[in-house]
Amino acid sequence: MSQPCELSQPSDLSEIDDLLRAVVADGFTVYLCGGADQPEAIVATYAWEHHVDFVVIKDAHDVTAARARQTPDWDVFTAETVVWSYHGHARWALRAILDLLPPDHPDAPDEEYPAPTGIRLDADQLGGMSVRAPRPGLVARRAMRLRLTAGGDPTA
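Computed from a predicted model, the values in this text were never measured in an experiment.

### Focus on the confidence of the model for the chain
Segments scoring low in pLDDT should not have their predicted coordinates read at a detailed level.
Line of reasoning, step 1. Mean pLDDT over the chain: 84, with 87% of residues reaching 70 or higher.
Line of reasoning, step 2. Mean pLDDT across the elements of the chain bottoms out in helix α3 (residues 141-149) (75) and peaks in strand β7 (residues 113-114) (97).
Line of reasoning, step 3. In this model residues 1-8 is a low-confidence stretch, pLDDT under 50, and it forms 13 contacts with partners more than four residues away in sequence or in other chains.

Shown next as structure tokens:
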């Protein structure tokens, strides 16, 4: 049984804060759902040319990271299929999305399947949304970092 976020160890929360900062530094757009002061959920997205990486954080123990194909009408709040997903504790889900191979890597996941229910948010969690776009210069950082890590050409 998972414990509520407030019962997590301080070291867990410090590591989660560091991982959230890494996601922001990687160029993700952040959506604070339910108000910027005390959000009900945090959603972060990173758009590639044909895919979107995203994370839905409801609680430290209820985080879903995923990648989906990007279509003209794609919406993080209504995604129906994904090509990769991970659900679990924030520590592992955030690490998984940060280390996910770029979509153009030959070993990157590409088989579509139904989106996990963990990405769905209740209507009351979507009210009072605040959006934080990445700082200029950070948008391409994720692509370059992952291509270098995967041993690819960073300019590809």
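Next comes the rest of the description.
### Some points on the environment of T71
Line of reasoning, step 1. As for its placement among the helices and strands, T71 is situated in the loop between β4 (62-69) and β5 (81-82).
Line of reasoning, step 2. Along the primary structure T71 and H50 are separated by 21 residues, whereas in three dimensions their C-alpha atoms are 7.5 Å apart.
Line of reasoning, step 3. Polar contacts involving the side chain of T71 include one to the side chain of D73, which spans 2.9 Å.

### Some details on the sheet that holds strand β6 (residues 84-88)
Line of reasoning, step 1. The antiparallel open sheet is built from six strands, whose spatial order is β6-β4-β3-β2-β1-β8. Each having just a single partner strand, β6 and β8 (130-132) make up the two edges of the open sheet. Within this sheet the neighbouring strands show an average axis-to-axis angle of 15°, counted without direction.
Line of reasoning, step 2. Where strand β1 (residues 29-33) meets β8, three bridges bridge the pair, whose relative direction is antiparallel. Looking across to β8, one finds that V30 is bridged to R132.
Line of reasoning, step 3. Each of β3 (51-59), β4 and β6 touches helix α2 (residues 90-99); the most contacted strand, β6, lies at about 160° to it.

### A few points about the pattern of salt bridges
Line of reasoning, step 1. Per the stated rule, a full pass over the model turns up six salt bridges.
Line of reasoning, step 2. One salt bridge connects D18 with R21, and the closest N-O pair in it is separated by 3.3 Å. With D18 and R21 both in helix α1 (residues 10-25) and three residues apart, the pair spans about one turn of that helix.
Line of reasoning, step 3. Exposure remark for D18: the relative accessible area of 45% places this residue in the partly exposed category.
Line of reasoning, step 4. A relative accessible area of 53% means that R21 is categorised as exposed.
Line of reasoning, step 5. The structure contains a network of salt bridges with shared partners spanning E15, R91 and R95.

### Side note on the packing of α2 against α3
Line of reasoning, step 1. Interaxial distance between α2 and α3 falls to 10 Å at its minimum, and their mutual angle equals 80°. Here α2 is positioned roughly perpendicular relative to α3, judged by the angle of their axes. Only R142, R145 and L146 of α3 make contact with α2, whose side of the interface consists of I97, L98 and D99.
Line of reasoning, step 2. Counted by class, the contact of α2 with α3 contains three nonpolar, no polar and three charged residues.

Calculation notes
- The residue count restarts for each chain, going from 1 along the sequence in the order it is written.
- Thresholds applied to this predicted model are a pLDDT of at least 70 for local features of residues and 80 or more for the giving and counting of side-chain atom pairs; totals over whole chains, interfaces and linings are not thresholded and use all residues.
- Hydrogens and water are ignored here; the side-chain numbers use all heavy atoms of the structure.
- For every residue, the predictor reports its confidence as pLDDT, a number between 0 and 100.
- Only DSSP runs of H or I covering at least 4 residues are called helices, and only runs of E covering at least 2 are called strands; the numbering of each starts at the N terminus.
- We call two residues contacting when some pair of their heavy atoms lies within 4.5 Å.
- Here a polar contact means two N or O atoms within 3.5 Å. Within protein one must be a hydrogen donor candidate and the other an acceptor candidate, and residues neighboring in sequence count only if both atoms are side-chain atoms.
- Strands are labelled as partners when DSSP assigns at least two bridges between them.
- Lines fitted to C-alpha atoms define the axes, with helix axes restricted to the stretch in contact, and inter-axis angles between N-to-C directions lie between 0 and 180 degrees.
- A carboxyl oxygen of Asp or Glu within 4 Å of a side-chain nitrogen of Lys or Arg is what we treat as a salt bridge.
- Buried residues are those whose accessible area, probed at 1.4 Å on protein chains only, stays under 20% of the maximum for their type, while exposed residues exceed 50% and partly exposed ones sit between those limits.
- Each angle gets one of four labels, with under 35 degrees taken as roughly parallel, over 145 as roughly antiparallel, 65 to 115 as roughly perpendicular, and the rest as oblique.
- Gly falls in the polar group here, along with every residue not listed as nonpolar (Ala, Val, Leu, Ile, Met, Phe, Trp, Tyr, Cys, Pro) or charged (Asp, Glu, Lys, Arg).

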